[in-house]
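Working through the structure, step by step
Here's the letter readout for the chains.
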Amino acid sequence: MNLYSLLATGFPTDRTTLCLETPEGWSLTWEELDARTAQMAHLLRSLHLPEGARVASQLEKSPESLMLYLATIRAGYVFLPLNTAYREEEIRYFLGNAEPSVMVCTKENLSWIEPLAKEAKTLHVFTLEDNHTGSLLNAAATQRVDFATRERANDDLAAIIYTSGTTGRSKGAMLTHGNLGSNARVLHGFWGWAPDDVLLHILPIFHVHGLFVASHGALLAGAKMIWLPKFDIDQILLDLPRSTVLMGVPTHYVRLLANARFGKATCRNMRLFISGSAPLLTETFQEFQNRTGHTILERYGMSETAMLVSNPSSPTLGPRIGGTVGVPLPETSVRILDENHKECGPGEIGQIQVRGPNIFAGYWRMPQKTQEEFTADGWFKTGDLGRWGGDGIPDSYLTIVGRSKDLIISGGYNVYPKEIEGVIDELPGVKESAVIGIPHPDFGEAVIAVVVPKANADEVSPENLREILKHKIANYKVPKRIHIVSELPRNAMSKVQKNLLRQRLETSTS
Ligand code: MCA
Ligand code: AMP
C-alpha cells in the first residue's frame, strides 16, 4: 500500500478540522493538506519523470516542505531530503550520486545549486521559501485538487536518506513504503497515539526522526501538529501547555532543563516526552522527572531501520527505565552477539543486530556495502554495542553501551571522523589529522580535531583551519576545537591511538 494511503486512513472524518498550525497563525485543515499535496503530485506527474525518479530538496522547515514529501510519495516517486547545513561540495556529491530528476531549493541558494543540478542532469529545479512562496507553489497552484494516490507495493522505494559512512563516503539508505508504513503502524499502537493528541513538532524534517517518526505519528493518528520552524526555546515554552506529545534529541531536553521557566505548569497537558537519536544521560532523565513529574520515554533507531526498540508508553506494558532504550518493538527482532557469533546472555555486552519489516532495502547503488552490513542469515549489523538486562534491569530491556563504528553524535547529528579527516588532510599545510568526539554539556559530544602541520607550514592555525572548514562542510561537522601537534600518538601497528587523544583532550580546556 502507498504510505500516504496508509497515513490517510488515520485522517479524521471531519476534514475541516486543523491538521497543522504555525506560531505565526498560519493553519492547514486536513482537507487542505489532501488538496495541496494533490496539486503538487499532479505537478510532479506532469513532468513525465521516469519510474522511481528521485525528488531532492534542501529546504527550510515549512508546512509546504512537508507537503512536498507527501506529494512525492503520493505520486509514486522517491523523496530525498537534504540537511540545510550542507555546503556546495556535499550537495554536489548527493546530487551526483542520487541523480534526482527534480531538485527543490531556496531562492537564496539557487545560484549555486542550479549548476550542481545541471551537472547531475537534474532537469527540473524549483524554489520553495519558508514564507509560503516559491516557483514550486506557483506551478502547483493551477493543478487539480483531487489526485488518485498511486498504488505502490511494499518494496517500492519511498525515500532515500543519506547517512555518513565509516569509510567517509555517505550512503543513501533506501526506505520502502513497506518499511515506513510498518514502523508508523507499530509506533501508533506502542506509543498510544490518539486523535486528541497535539504534537509539538520541533525537529528538522530532513532526517528519520522529524520527517517520519514525528510527522507520521501525528498524521496516522489524525492528530494536530504545532509546527515550529526551528529550535526556539521561548516558542516551545509558549506552545508546550497546549501540546500532548514532544519528540526531541537529548540536547533539547538539556536546554529545556536549563531554562528556569520550564516546569510542571508548562507540561500540564503533556502525555508523552520522547527522546532519541543519541544517548540520554541518566542525570537528564532523573532531573526531568524531578522537575516535571514526567518520565521521558527513550527509544533507539537508525536511518536504515527507523525505530527498533522503545521504552513502553503505558505502565501496563512495563516501566520506563532511564539509561535503557527499552524493549524490541512489535514485529522487530533484536539479537546481541559476542565475538564468537553466539547470542549473549543477560548482562553480557555484544554487537546489536536487527531484523524486521522496517529494515531498509539496502544502500543506493552500493550492493557490495549493503552485503557487508548484513549477516549471511539476513540480520542488519547496527554497529552499536549493547546488553540485555544487567544491573538489576529486566532481561527484556536493552541498554546501548557504545559503538563499534567510529562515529560522533553531536546534538543528534552523526559525524563520521573519517569524512572530516579526509577534508582536513586536503587543506594546504596539513600533513595529517585525527578527529575525535569528547563529552559536551549541550551537544552530548563535540567534534574535536588534532592536526599535524607539514614542516614549515606556518599558515596552519586553528582559526584559519576552522574558517576554511566552515565553507567546505556543514556547520555542525566543523570541529569546535582544533589542536595543532607535532605528531599523532600511534601504536605498534602504526594506528592512531584515539583513546589516548580523547583522554588528553577531555581534560584540556584550550
Ligand atoms: C547546531 N550547531 C551544532 C549543532 N547544531 N554544533 C554541533 N552539533 C549540532 N548538532 C552549531 C552550529 O554549527 C552553529 O555554530 C550554532 O550551533 C548555531 O546553529 P543553529 O542551527 O542556530 O543551532 P540550534 O538551532 O541551536 O541547533 C541545535 C539543535 C540542532 C536544535 C540541537 O542541532 C538539531 O535540530 N538537532 C536535531 C538533530 C536531529 O533531528 N537528529 C535526528 C537524526 P556556528 O555559529 O559556530 O556555525 S538521527 C535519526 O533520525 C535516527 C533515526 C534517530 O534515532 O532518531
Ligand atoms: P542515524 O544514522 O543518524 O540514524 O543514527 C543512528 C545511530 O544513532 C544509532 O546507530 C545509534 O548509534 C544512535 N542512537 C539512536 N538512538 C539512540 C539512543 N536512544 N541511545 C543511544 N544511541 C542512539
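Whatever comes next refers back to the structure up there.
Bear in mind the structure is a predicted one, so any value in this text is a computation, not a measurement. (Residues numbered from 1 in each chain as written. Chains lettered and ligands numbered in written order. Predicted model: local features only at pLDDT ≥ 70, side-chain atom pairs only at ≥ 80, totals over all residues. Heavy atoms only, no water.)

1. Quick look at the environment of Thr507
Applied cut-off: Labels follow the DSSP assignment, with helices taken as runs of H or I lasting at least four residues and strands as runs of E lasting at least two, numbered in each case from the N terminus. Only protein chains enter the accessibility calculation, which uses a 1.4 Å probe. A residue is then buried if its area is under 20% of the maximum for its type, exposed if over 50%, and partly exposed in between.
Here Thr507 lies in helix α15 (residues 498-507). Its relative accessible area of 65% is what places Thr507 among the exposed residues.

2. A closer look at the layout of surface pockets
Here the idea is plain: a probe the size of a water molecule rolls over the atoms and shows the empty space left. For clarity, the cut-off: A cavity, in this analysis, means grid points on a 1 Å lattice covering only the protein atoms where a 1.4 Å probe fits yet has no way out; a pocket is instead an open set bounded by protein on both sides within 12 Å along at least five of seven lines, and a residue lines either one if it has an atom within 4 Å of a point. Grid points are joined across faces, edges and corners, and a volume is the space filled by probe spheres set on the points. Following the grouping adopted for this structure description, the nonpolar residues are Ala, Val, Leu, Ile, Met, Phe, Trp, Tyr, Cys and Pro, the charged ones are Asp, Glu, Lys and Arg, and the polar ones are all others, Gly among them.
Put simply, the second largest pocket is a space of about 340 Å³. If you list the elements that add at least two residues to the lining of the second largest pocket, you get α4 (88-98) and α13 (417-425). A per-class count over the lining of the second largest pocket returns five nonpolar, four polar and seven charged.

3. Side note on the environment of Leu82
Convention followed: What makes two residues a contact is simply this: any of their non-hydrogen atoms within 4.5 Å.
Looking at where Leu82 falls in the secondary structure, it is placed in the loop between β4 (78-81) and α4. Leu82 sits 124 residues away from Phe206 along the chain, and the two C-alpha atoms are 5.7 Å apart. When neighbours within four sequence positions are excluded, Leu82 is seen to be in contact with Ser57, Gln58, Leu59, Ile91, Phe94, Leu95 and Phe206.

4. Side note on the pairing of strand β24 (residues 481-484)
To keep it simple, the criterion reads: When DSSP finds at least two bridges between two strands, those strands are taken to pair. Handedness of a crossover is defined as follows: with both strands directed away from the viewer, a clockwise route from the first strand across the helix to the second makes it right-handed.
Across four bridges, strand β23 (residues 444-453) lies against β24 in parallel orientation. Residue pairing in the sheet places Val451 in a bridge with Ile484 of β24. Handedness of the β23-helix α14 (residues 462-472)-β24 crossover: right-handed.

5. Remarks on the sheet that holds strand β19 (residues 393-403)
To keep it simple, the criterion reads: Note on geometry: axes are lines fitted to C-alpha atoms, helical ones only across the stretch in contact, with angles between N-to-C directions running from 0 to 180 degrees.
Spatially, β16-β17-β18-β19 is the arrangement adopted by the four strands of the open sheet, whose pairing is antiparallel. Sheet topology places β16 (333-337) and β19 at the edges, where each strand pairs with a single neighbour. The mean angle between the axes of side-by-side strands here comes to 45°, regardless of whether they run parallel or antiparallel. When β16 meets strand β17 (residues 350-355), the two strands line up antiparallel, connected through five bridges. By the bridge assignment, Val334 is partnered in β17 with Val354.

6. Considerations on the side chain of Ser410
Examined against the element boundaries, Ser410 turns out to sit in strand β20 (residues 408-410). Residue Ser410 is classed as buried on the basis of its relative accessible area of 6%. Excluding its chain neighbours within four sequence positions, the residues that come into contact with Ser410 are Phe443 and Glu445.

7. Quick look at the site of ligand 2
Just so we agree on the cut-off: Throughout, near means a residue has at least one heavy atom within 4 Å of the molecule or strand. Definition of a polar contact: a pair of N or O atoms within 3.5 Å, with one able to donate and the other able to accept a hydrogen when the atoms are protein atoms, and with sequence-neighbouring residues admitted only if both atoms are side-chain atoms. In this description, accessible areas are obtained by the Shrake-Rupley approach with a 1.4 Å probe, and a residue is regarded as covered only by the protein chains that are shown.
Around ligand 2 lies a shell of 15 residues, among which Glu298, Arg299, Ser303, Asp384 and Lys405 are the nearest. Side-chain polar atom of Asp384 to an oxygen atom of ligand 2: 2.6 Å apart, as the coordinates give it. In the model, an oxygen atom of ligand 2 is placed 3.0 Å from a nitrogen or oxygen of the Asn414 side chain. Contact with the protein chains covers 92% of the free accessible surface of ligand 2, which is 500 Å². Counting residues per element, the shell around ligand 2 draws most heavily on strand β13 (residues 297-302), which supplies five residues. Taken together, the residues of the shell around ligand 2 sort by class into six nonpolar, four polar and five charged.

8. Quick notes on the site of ligand 1
Near ligand 1 there are 24 residues, and of these Arg255, Ser277, Arg299, Ser410 and Lys480 occur at the shortest range. Arg255 places a polar side-chain atom, nitrogen or oxygen, 2.7 Å from an oxygen atom of ligand 1. Contact with the protein chains removes 74% of the 1000 Å² of surface that ligand 1 exposes when unbound. Sorting the residues of the shell around ligand 1 by element identifies α8 (208-221), α10 (250-257) and β13 as the ones contributing at least two each. Residues that form the shell around ligand 1 fall into these classes: ten nonpolar, eleven polar and three charged.

9. Focus: the packing of helix α3 (residues 63-74) against α8
This is how the line gets drawn: Any angle that falls under 35 degrees is termed roughly parallel, while one over 145 is termed roughly antiparallel, one within 65 to 115 roughly perpendicular, and all others oblique.
Running from amino to carboxyl end, α3 crosses α8 at an angle of 85°, the nearest separation of the two axes being 13 Å. Considering the angle they form, α3 stands roughly perpendicular to α8. Of the residues in α8, those in contact with Leu66, Tyr69 and Leu70 of α3 are Leu211, Phe212, Ser215, His216 and Leu219.

10. Details of the packing of aromatic side chains
Operational definition: We call Phe, Tyr and Trp rings a pair once their centres come within 6.5 Å, taking the six-membered ring for Trp, and we label the pair stacked below 30 degrees between planes, edge-to-face above 60, and tilted otherwise. Look at NZ for Lys and CZ for Arg. If either is within 6 Å of the ring centre and within 35 degrees of the ring normal, a charge sits over the ring.
Tallying each qualifying case throughout the model produces 18 aromatic pairs. Both rings, one in Tyr69 and one in Phe212, keep their centres 5.7 Å apart while their planes meet at 55°; by these two values the pair is tilted. Here Tyr69 is found in helix α3, whereas its partner Phe212 is found in helix α8, with 143 residues between them in sequence. Judged on exposure class, the residue Tyr69 and its partner Phe212 are both buried. In this structure an aromatic cluster arises from ring pairing among Tyr86, Tyr93, Phe94 and Tyr162. The cationic tip of Lys61 hangs over the ring face of Trp227; the distance from NZ or CZ to the ring centre is 4.7 Å.

11. Section: the packing of helix α2 (residues 30-46) against α3
Inclusion rule: Put simply, a crossing is left-handed when the front helix is turned counterclockwise from the back one by less than a right angle, and right-handed when it is turned clockwise.
Contact geometry for α2 and α3: axes closest at 8 Å, N-to-C directions at 60°. The angle between α2 and α3 places the two elements in the oblique class. In the crossing of α2 with α3, the sense of the turn from one axis to the other is right-handed. For the pair formed by α2 and α3, the contact residues are Leu33, Asp34, Arg36, Thr37, Ala38, Met40, Ala41 and Leu44 on the first element and Glu64, Met67, Leu68, Leu70, Ala71, Thr72 and Arg74 on the second. Tallied by class, the residues present in the contact of α2 with α3 amount to nine nonpolar, two polar and four charged.

12. A look at the sheet that holds β24
Spatial ordering of the open sheet is given by β22-β23-β24, a layout of three strands whose pairing is mixed. Whereas interior strands pair on both sides, the edge strands pair on one side only; in this sheet they are β22 (430-440) and β24. Direction aside, neighbouring strands of the sheet carry axes that sit 25° apart on average. Sheet strands in contact with α13 are β22 and β23, and its direction is about 145° off that of β22. Sitting on the sheet, α15 is in contact with β22, β23 and β24, with an inclination near 60° to β22.

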